[in-house]
Amino acid sequence: MPALPAETSDQIVDDLDRPVRLHVLAFLDEGEDVTVGRADTDSYCVLPADGAALLHELTGGATPRQAAQWYLDTYHEPVDVLEFLAAMDELGFVAAPDEPVSAGRQVSWQRLGRLAFSPIAWACYAGLLIAAALVMARHPDLQPRPHNLFFTDLATVVLLVTVFGQLPFVLIHEAFHALAGRRLGVRSQLRIARRLYFLVAETNLDGLVLVPRRKRYLPILAGMLADLIVFAGLSLTAAALRQPGGSQPLIGRLCLALALLTMLRLIWQFYFFLQTDLYQLVVTMLGCVDLQKTTNRLIANRLLRLVGQPQRASDESLWHPRDRAVARWYCWLLLAGYLFSAGSFVVAILPLLRRLFSGAIDGLTSGHGMRWGELADSATFLLLTIVQLGIVTFIVLRERRLRRTTAAVHVIG
């Protein structure tokens, strides 16, 4: 390892025989690697077992000199403890001289999270799903069908419901993720992101890396559970409003339309290449660290070798071994997903957008023979499309700016 400048050493440790002030850290031993982090700042790293053991000594009150001697006696090789502490300081694990030592942070809404996934709550969820299944089996007209989306003749209303009607249910989806995590003491943060050309809401649960793997599955799948509950609730509401002949009032038809959109959003989770909830589940079950990024780099390396530029390829020896092994077969699923999205955009979405754009612009510029309702349809469509494209562009630019300003991640070995 490179030598550490003297001034950097002085900033971190002013006396090798004085214990270092470290924030409260959590450790998760997963065999060869140990995940270490601060749950109050969501700062985490993966250390080899010997590095985690050295950090354990320092957190236990050993001075840097004592910890270095312990490492030498235990592993029979020297360690640059100052360089190690410099890396820990970059992660925010070392408390500055004038900084109070963090004792961790109490996560709010833990009690509500426990109630939301208590045995009584699970019994209610199961009863709701069974009741919905029985009702739809008895009345097939309540099952999700494409024509349910057109619950009114007003195209503008259909468009607004399609775009905005799902927002409350998306928030419920993310709230279930958050509550399932908070019951375990994991912080959460809601943010808007994108997957290719799709806008998505996602809940950041980085703290799950410090939770045993078997306990991560419920926070990952909680959003899909919420979707099933919402779908069942909407279907049962429509069943309660259903007339003897099978007809539905406006509210009933609206419920069926929203139920269809919820089911489509549930099916969307099977698009692994968009890093959906099911992708996170598979990655967790396989023990991967960052499968998507590793797979993208693997594909880039193969393309660079194909065009005769292997010198530009990433160093595959730096990748996590499990990611590297899984990426060899996952790359084909990822490529198929990318091709499917690109093909569907070119073949279906792009011509539809072009037709709708042309019709909307013609309707707004022709100035004759168009009713106010049709003008509203055109104006609303153009406005919503421009807003969504603007949001996607903003997120792309923000991601590019963050990539330029974010410090490089140090792999500690």
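In case you missed it, the structure is sitting above this.
Right, let's walk through the structure included here.

Cut-off values and rules
- Residues numbered from 1 in each chain as written.
- Predicted model: local features only at pLDDT ≥ 70, side-chain atom pairs only at ≥ 80, totals over all residues.
- Heavy atoms only, no water.
- Helix = DSSP H or I, 4+ residues; strand = E, 2+ residues; numbered from the N terminus.
- Buried < 20%, exposed > 50% of the residue type's maximum accessible area, 1.4 Å probe, protein only.
- Polar contact = N/O pair within 3.5 Å; in protein donor to acceptor, adjacent residues only side chain to side chain.
- Contact = heavy atoms within 4.5 Å.
- Pairing = 2+ DSSP bridges.
- Phe/Tyr/Trp six-rings, centres within 6.5 Å; stacked < 30°, edge-to-face > 60°.
- Axes fitted to C-alpha atoms, helices over the stretch in contact; angles between N-to-C directions.
- Parallel < 35°, antiparallel > 145°, perpendicular 65-115°, else oblique.
- Left-handed = near helix turned anticlockwise from the far one by under 90°.
- Nonpolar A, V, L, I, M, F, W, Y, C, P; charged D, E, K, R; others polar.
- Core = buried A, V, L, I, M, F, W, Y, C linked by side-chain atoms within 4.5 Å.
- Salt bridge = Lys/Arg side-chain N within 4 Å of Asp/Glu carboxyl O.

Glancing now at unusual backbone geometry. Of note in the backbone geometry, D42 takes a positive phi value of approximately 55 degrees without being a glycine. Relative to the assigned elements, D42 resides in the loop between β2 (33-38) and β3 (43-48). Relative accessible area serves as the criterion here: at 26%, D42 is assigned to the partly exposed category. Non-glycine residue Q275 carries a positive phi angle of around 55 degrees. Checked against the element boundaries, Q275 lands in the loop between α10 (250-268) and α11 (277-286). For Q275, a relative accessible area of 29% puts it in the partly exposed group.

Take the side chain of D277 next. Tracing the chain through its elements places D277 in helix α11. D277 sits in the buried class, given a relative accessible area of 14%. Within the structure, the side chain of D277 is placed 3.1 Å from the side chain of H173, a separation counted as a polar contact. Residue contacts for D277: discarding those within four places in its chain leaves H173, H177, I220, G223, M224 and Q269.

Below, the discussion takes up the pairing of strand β1 (residues 26-29). Summarising the sheet, β1 and β2 pair through four bridges and their orientation is antiparallel. Counted as the bridge partner of A26 is G37 from β2. Linkage of β1 to β2, two consecutive antiparallel strands, is achieved through a turn of three residues, within which G31 is found at a positive phi near 100 degrees.

What follows is about the packing of aromatic side chains. For the coordinates displayed, the defined rule picks out 10 aromatic pairs. Seen from their ring centres, Y271 and F273 are 5.8 Å apart, and the 20 degrees between their planes marks the pair as stacked. Judged by relative accessible area, Y271 falls into the partly exposed class, the value being 29%. Considering the side-chain rings of F273 and Y338, the 6.4 Å spacing of their centres and the 80 degrees angle between planes classify their relative orientation as edge-to-face. In this pair, F273 sits in the loop between α10 and α11 while Y338 sits in helix α13 (residues 321-366), placing the two residues 65 residues apart along the sequence. Each member of the aromatic cluster is reached from another via a ring pair, and the members are F117, W122, Y125 and F176.

It is worth spelling out the packing of helix α9 (residues 217-241) against α10 at this point. Their axes nearest at 8 Å, the elements α9 and α10 cross at an angle of 160 degrees. The angle between α9 and α10 places the two elements in the roughly antiparallel class. Two packed elements cross with a definite hand, and for α9 against α10 that hand is left-handed. Contacts between α9 and α10 pair M224, D227, L228, V230, F231, L234, S235, T237, A238 and L241 from the former with I251, G252, C255, L256, L258, A259, T262, M263, R265 and L266 from the latter. Within the contact of α9 with α10, the residues separate by chemical class into 14 nonpolar, four polar and two charged.

Turning our eyes to something else, we now look at the sheet that holds β1. In space, the three strands of this open sheet follow the order β1-β2-β3, with antiparallel pairing throughout. Unpaired on one side and paired on the other, β1 and β3 mark the two borders of the sheet. Going from strand to strand, the sheet's axes swing by 20 degrees on average, the running direction of each strand aside. With six bridges joining them, β2 and β3 adopt antiparallel strand pairing. Each residue of the ladder has a partner; that of V34, found in β3, is L47.

Burial of nonpolar side chains together is a common tendency in soluble globular proteins. Ranked by internal contacts, the top residues of the largest apolar core, which has 22 residues, are V36, L47, L55, M88 and F93. With five residues, helix α4 (residues 81-90) is the largest single contributor of residues to this core. With near-sequence residues (within four places) excluded, F93 lies in contact with R21, L22, H23, L25, V36, G37, R38, S43, C45, L55 and M88. Of all hydrophobic cores here, the second largest spans 20 residues; its members include L256, L258, A259 and L261.

Moving on, we come to the pattern of salt bridges. Applying the stated rule across the entire model yields seven salt bridges. Note that D227 and R265 form a salt bridge whose closest N and O atoms lie 2.9 Å from each other. Taken together, the residues span a long stretch of sequence, with D227 in helix α9 and R265 in helix α10 at a distance of 38 residues. Looking at R265, the relative accessible area reads 17%, which means it is buried. Put simply, R305 and E316 hold a salt bridge, and the shortest N to O gap is 3.2 Å. With R305 in helix α12 (residues 291-306) and E316 in the loop between α12 and α13, this pair connects stretches of sequence that are 11 residues apart. On the accessibility criterion, R305 (43% relative accessible area) is partly exposed.

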